[in-house]
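An overview of the molecular structure
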Amino acid sequence: QPVAAQNSAQVFLGINLKCNACHDSFISKWQLKDAYGLASFFSQDPRLRLYRCDVAQDAYATPAFLFPELNRVPPSASLPDRRRTAAAIFTDRRNGRLPRTIVNRIWQRLLGRGLVENPDEMDGVPWSPGLLDWLASDFVDSGYDLKRLIATIMSSKAYQLRAVPRIGEQPHTYVFRGPEIRRLT
């Protein structure tokens, strides 16, 4: 059941919940109930029985967002209402995680390295927090317009710098020198 939760958390929030489909994470704060709570927005049944390592638990999850301060109760238990509620939570202006994650993914795709190095782990430290925040804010202000975001990045001085090769492992203190030379995808 938690596949939708895993995918939406990773793609839109930069949070890896794969371990949490089976157990509480050993490396992050996320727990089994968190993954199932998010999955409840997308499953046929809004009340999901928790399974810890394929063993049924005497516990159930109902729709709940990973960040409780943004949580909303769906107007009904119907799947369309739960999905609409999830979409509203993901795009809530107070949810800075979605725009930062999308901006980081687009930046990484266009320039070779994200503002946060791993776009699937947005808890990392960005090499330019101000730039990430500005691009994310502009992305929200544009109504989540991906074409505008791409145009903004591609018309930037950063994108127009001479391409540089990536040589070996990246240093711990990254310094942006230009887009990385890489194969087209």
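See the structure printed just above.
Because the structure is a prediction, the values reported are computed rather than measured. (Residues numbered from 1 in each chain as written. Predicted model: local features only at pLDDT ≥ 70, side-chain atom pairs only at ≥ 80, totals over all residues. Heavy atoms only, no water.)

Focus: the packing of helix H1 (residues 3-13) against helix H2 (residues 32-39)
What counts is decided by this rule: To define axes, lines are fitted to C-alpha atoms, for helices over the stretch in contact only, and angles between the resulting N-to-C directions are given on a 0 to 180 degree scale. Under the DSSP-based scheme used, a helix requires at least four consecutive residues in state H or I and a strand at least two consecutive residues in state E, with every element numbered from the N terminus. Each angle gets one of four labels, with under 35 degrees taken as roughly parallel, over 145 as roughly antiparallel, 65 to 115 as roughly perpendicular, and the rest as oblique. Contacts are assigned to residue pairs that have any heavy atoms within 4.5 Å of one another.
Running from amino to carboxyl end, H1 crosses H2 at an angle of 95°, the nearest separation of the two axes being 7 Å. Classified by the interaxial angle, the pair formed by H1 and H2 is roughly perpendicular. The residues of H2 that touch H1, namely those facing Ala5, Ser8 and Ala9, are Ala35, Leu38 and Ala39.

Re the pairing of strand E1 (residues 48-52)
Stated precisely, the cut-off is as follows: Here the rule is simple: two strands pair whenever DSSP picks up at least two bridges between them.
Where E1 meets strand E2 (residues 55-61), four bridges bridge the pair, whose relative direction is antiparallel. Paired with Tyr51 across the two strands is Ala56, which belongs to E2. Where E1 folds back onto E2 in an antiparallel hairpin, the turn is made up of two residues, including Cys53, whose phi is positive at roughly 50°.

Focus on the nonpolar core
For clarity, the cut-off: Throughout, nonpolar core names a set of buried Ala, Val, Leu, Ile, Met, Phe, Trp, Tyr and Cys residues whose side chains join them through atoms within 4.5 Å. Think of it in three bands: residues with accessible area under 20% of the maximum for their type are buried, residues over 50% are exposed, and the middle band is partly exposed, with areas taken using a 1.4 Å probe on protein chains only.
In this structure, Leu38 and Leu66 are the most contacted members of the largest nonpolar core, which totals 41 residues. Looking at this core, the elements with two or more residues in it are H1, H2, E1, helix H3 (79-90), helix H4 (97-111), helix H5 (129-141) and helix H6 (146-154). In terms of residues, this core owes the most to one element, H4, which gives seven residues. Sequence-distant contacts of Leu66, defined by excluding residues within four places in its chain, comprise Ala9, Leu13, Ile15, Leu17, Trp30, Asp34 and Leu38.

Some remarks on the pattern of salt bridges
The condition is simple: In what follows, salt bridge is the name for a side-chain nitrogen of Lys or Arg lying within 4 Å of a carboxyl oxygen of Asp or Glu.
Applying the stated criterion across every chain yields a total of 10 salt bridges. Between Arg84 and Asp81 there is a salt bridge, with the nearest N and O atoms lying 2.8 Å from each other. Of this pair, Arg84 and Asp81 both sit in helix H3, three residues apart, which is roughly one turn of the helix. Since its relative accessible area comes to 54%, Arg84 is described here as exposed. For Arg93, the salt bridge is made with Asp141, and the minimal N-O distance between the two is 2.9 Å.

Quick notes on unusual backbone geometry
Despite not being glycine, Cys53 shows a phi value in the positive range, around 50°. Positionally, Cys53 belongs in the loop between E1 and E2. Look at Asp54: it is not a glycine, yet its phi comes out positive at around 65°. Structurally, Asp54 can be placed in the loop between E1 and E2.

Quick word on the environment of Ser8
Let me state the cut-off plainly: Here a polar contact is recorded for every N or O atom pair within 3.5 Å, except that within protein the pair must consist of a potential hydrogen donor and a potential acceptor, and residues adjacent in sequence are included only if both atoms are side-chain atoms.
Checked against the element boundaries, Ser8 lands in helix H1. C-alpha separation for the pair Ser8 and Tyr159, spaced 151 residues apart in sequence, amounts to 28 Å. With sequence-adjacent residues up to four places away left out, Ser8 is seen in contact with Leu13, Leu38, Phe42 and Phe90. In terms of polar contacts, Ser8 uses its side chain to reach the backbone carbonyl oxygen of Ala5, at 3.4 Å.

Description of the packing of aromatic side chains
To describe a pair of aromatic rings, you give the distance between the ring centres and the angle between the ring planes. Under the convention used in this document: Two rings from Phe, Tyr or Trp (for Trp, the six-membered ring) form a pair when their centres sit within 6.5 Å of each other. Planes less than 30 degrees apart are called stacked, planes more than 60 degrees apart edge-to-face, and all others tilted.
Taken as a whole and judged by the stated rule, the model has nine aromatic pairs. Consider the rings of Trp30 and Phe67, whose centres lie 5.6 Å apart with planes at 85°: the pair is edge-to-face. With Trp30 in the loop between H1 and H2 and Phe67 in the loop between E2 and H3, this pair connects stretches of sequence that are 37 residues apart. Of the two residues, Trp30 and Phe67, neither departs from the other in class, the shared state being buried. Seen from their ring centres, Trp127 and Tyr174 are 5.7 Å apart, and the 55° between their planes marks the pair as tilted.

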